[in-house]
Amino acid sequence: MTAPSAQPSASSAAPAQSSASGQSPLAALSARLTDSRPYALALFRIVTGLLFACHGAASLFGVLGGAGGTGATATAGAWPSWYAAVIQLVGGALVALGLFTRTSALVSSGSMAYAYFVVHQPEALWPMQNGGEASAMFCWTFLLLVFTGPGAAAVDGLLAARRGQQPGATQGKQRVAASA
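Bear in mind the structure is a predicted one, so any value in this text is a computation, not a measurement. (Residues numbered from 1 in each chain as written. Predicted model: local features only at pLDDT ≥ 70, side-chain atom pairs only at ≥ 80, totals over all residues. Heavy atoms only, no water.)

1. Observations concerning the overall build of the chain
Link 1 in the chain: The helix and strand inventory of the chain stands at nine helices and zero strands.
Link 2 in the chain: Going from the N terminus to the C terminus, the chain shows its helices and strands as α-α-α-α-α-α-α-α-α.
Link 3 in the chain: Relative to its full complement of 180 residues, the chain shows a buried share of 27%.
Link 4 in the chain: Counting contacts in the chain only where the partners sit at least 6 residues apart, residues at least 24 apart contribute 63% of the total.
Link 5 in the chain: Of the roughly 11800 Å² of accessible surface on the chain, a fraction of 67% belongs to carbon and sulfur atoms. (Helix = DSSP H or I, 4+ residues; strand = E, 2+ residues; numbered from the N terminus. Buried < 20%, exposed > 50% of the residue type's maximum accessible area, 1.4 Å probe, protein only. Contact = heavy atoms within 4.5 Å. Areas by Shrake-Rupley, 256 points an atom, 1.4 Å probe, with all protein chains shown as cover.)

This is the structure:
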């Protein structure tokens, strides 16, 4: 028989290290949440994209209650309803997949800003009064995705990995070159 080792096992070393380093449980939780950020962002992107695509499908195909819950469809080529529905369906699907995420999110955000200011805001100033809450929320949500990117599990990331790049790597190089 061998004598027990004076060194702690790997399982008991982790708590000792965190307390020895002075890291509080709150700091440890914060670190874990930070490490999970790309996955939470991916889930946020997927859900938002699917919800947006559902609005487009409803208006284009009369499913899920149809345009405005009436069961009707948008007339093909009618401005702005049909074009908005196409942007919702295509933009939402692209955002959900994480394909051309930032561009799709920018177009989708602009579409919702247009919807808010042209359709809803003339009725009243505040979204609660003019029925523009969904437009305002989608506008700001997509604008956030323009700046944060797609997160994990995005087709954009797979394409960048296939080319041997980190997602967003060329953007960083352009910023460095521009500042030099």
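Back to the text.
2. A few points about the nonpolar core
Link 1 in the chain: Judged by nonpolar contacts, L41, F52, V95, A105, M112, A115, F138, C139, F142, L145 and V146 together constitute the single largest core of 11 residues.
Link 2 in the chain: Elements supplying a minimum of two residues to this core: α3 (37–61), α5 (101–120) and α7 (133–148).
Link 3 in the chain: Per-element accounting of this core gives the leading share, five residues, to α7. (Core = buried A, V, L, I, M, F, W, Y, C linked by side-chain atoms within 4.5 Å.)

3. As for the confidence of the model for the chain
Link 1 in the chain: Taken residue by residue, the chain gives an average pLDDT of 83. The fraction at 70 or more is 80%.
Link 2 in the chain: The low-confidence segment residues 1–19 (pLDDT under 50) makes one contact with residues lying over four places distant or belonging to another chain.
Link 3 in the chain: Within the model, the stretch residues 172–180 combines pLDDT values under 50 with zero contacts to residues more than four positions away or in other chains. (pLDDT = per-residue confidence, 0-100.)

4. Comments concerning a nonpolar patch on the surface
Link 1 in the chain: Together, W79, Y83, Y114, F117, V118 and V119 make up a nonpolar patch on the protein surface, roughly 640 Å² of accessible area in all.
Link 2 in the chain: For the nonpolar patch, the leading source of residues is α5, giving four residues.
Link 3 in the chain: Mapped onto the elements, F117 comes out in helix α5.
Link 4 in the chain: By relative accessible area, F117 is classed as exposed at 54%. (Patch = residues over 30% accessible without salt bridge, like charges linked within 9 Å, V, L, I, M, F, W, Y side chains within 5 Å. Salt bridge = Lys/Arg side-chain N within 4 Å of Asp/Glu carboxyl O.)

5. Some remarks on unusual backbone geometry
Link 1 in the chain: A cis amide bond links W79 to the next residue, P80, at an omega of -5 degrees.
Link 2 in the chain: Inspection of the secondary structure assignment puts P80 in the loop between α3 and α4 (81–97).
Link 3 in the chain: Positive phi, normally seen in glycine, also occurs at L64, with a value near 55 degrees.
Link 4 in the chain: With respect to the helices, strands and loops of the structure, L64 is situated in the loop between α3 and α4.
Link 5 in the chain: At A153, a residue that is not glycine, the phi angle is positive and equals roughly 55 degrees.
Link 6 in the chain: Residue position: A153 is located in the loop between α7 and α8 (155–162).

6. Quick word on the layout of surface pockets
Link 1 in the chain: Of the voids in this model, the largest pocket is the one considered here, and its volume is about 530 Å³.
Link 2 in the chain: Along its surface, the largest pocket is lined by 26 residues, and S59, Q88, M112, H120 and S135 are the ones closest to its centre.
Link 3 in the chain: Listing elements by their share of the lining of the largest pocket, those giving two or more residues are α3, α4, α5 and α7.
Link 4 in the chain: Split by residue class, the lining of the largest pocket holds 14 nonpolar, 12 polar and no charged. (1 Å grid on protein atoms, 1.4 Å probe; cavity = no way out; pocket = protein on both sides within 12 Å on 5 of 7 lines; lining within 4 Å. Points joined across faces, edges and corners; volume = space filled by probe spheres on them. Nonpolar A, V, L, I, M, F, W, Y, C, P; charged D, E, K, R; others polar.)

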